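Residue strings, one per chain:
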Amino acid sequence: MAFRKSYHKNEWQEFSNRVKQRDGYKCLKCGRGGNEVVLQAHHKLYKPGLEIWDYPLSDCITLCKGCHAVEHGIVEPS
């Protein structure tokens, strides 16, 4: 997918950091944070025509890498 390259841009890094900061640097699904997990910003939905960093912060939440994978159906929930 072409949009995956956008996740390496500074605009995304800054947006993602704002989401994580707002959420207290913790996964909103499992509550883990700090050095125990990798945190990622997750879009609750995608809107055509928007860059991934042009969403309102309210459209994104912080998830750990594991919960993020479950959210996208990459791994089965445990």
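Look up a bit, the structure's there.
The structure contained in this document is the topic of the report that follows.

About the cut-offs
- Residues numbered from 1 in each chain as written.
- Predicted model: local features only at pLDDT ≥ 70, side-chain atom pairs only at ≥ 80, totals over all residues.
- Heavy atoms only, no water.
- Helix = DSSP H or I, 4+ residues; strand = E, 2+ residues; numbered from the N terminus.
- Buried < 20%, exposed > 50% of the residue type's maximum accessible area, 1.4 Å probe, protein only.
- Phe/Tyr/Trp six-rings, centres within 6.5 Å; stacked < 30°, edge-to-face > 60°.
- Contact = heavy atoms within 4.5 Å.
- Pairing = 2+ DSSP bridges.
- Patch = residues over 30% accessible without salt bridge, like charges linked within 9 Å, V, L, I, M, F, W, Y side chains within 5 Å.
- Areas by Shrake-Rupley, 256 points an atom, 1.4 Å probe, with all protein chains shown as cover.
- Salt bridge = Lys/Arg side-chain N within 4 Å of Asp/Glu carboxyl O.
- Lys, Arg positive; Asp, Glu negative; His and termini not counted.
- Charge placed at Lys NZ, Arg CZ, Asp CG, Glu CD.
- Expected span 1.5 Å × (residues − 1).

### Topic: the overall build of the protein chain
- Within the protein chain one finds two helices and two strands.
- For the protein chain, the succession of helices and strands along the chain, N to C, is α-β-β-α.
- Counting only residues that meet the buried cut, the protein chain has 33% of its 78 residues in that class.

### Quick word on the packing of aromatic side chains
- Enumeration according to the criterion identifies two aromatic pairs in this entry.
- For the pair W12 and F15, a centre-to-centre distance of 5.6 Å together with 35° between the ring planes defines the contact as tilted. Of the two residues, W12 and F15 both sit in helix α1 (residues 10-22), three residues apart, roughly one turn of that helix. Across the pair, exposure class does not vary: W12 and F15 are buried alike.

### As for the environment of L45
- Secondary-structure assignment places L45 in the loop between β1 (39-43) and β2 (60-64).
- Residue L45 is classed as partly exposed on the basis of its relative accessible area of 42%.
- A sequence separation of 15 residues divides L45 from C60, and the C-alpha atoms of the two residues are 8.2 Å apart.
- Leave out the neighbours within four places in its chain, and L45 touches Y55 and D59.

### Observations concerning the pairing of β1
- Within β1, four of the five residues are buried, which leaves the element mostly enclosed by the surrounding structure.
- Relative to β2, β1 is paired through five bridges, and the arrangement is antiparallel. The residue bridging H43 from the neighbouring strand is C60, located in β2.

### Brief notes about a negative patch on the surface
- Taken together, the side chains of E11, E14, E51 and D54 present a region of like negative charge at the surface.
- Look at E51 and you get partly exposed, because its relative accessible area is 38%.

### Here we look at the environment of Y25
- Take Y25: it is sitting in the loop between α1 and β1.
- Considering only alpha carbons, one finds Y25 and T62, 37 residues apart in sequence, at a separation of 7.5 Å.
- Apart from residues lying up to four places away in sequence, Y25 is in contact with N17, K20, G33, G34 and L39.

### Regarding α1
- With 13 residues, α1 should reach 18 Å at 1.5 Å per residue; the first-to-last C-alpha distance of 18 Å fits that figure.
- The inward-facing, buried residues of α1 contact β1 and β2.
- At the exit of α1 stands G24, carrying a positive phi of roughly 70°.

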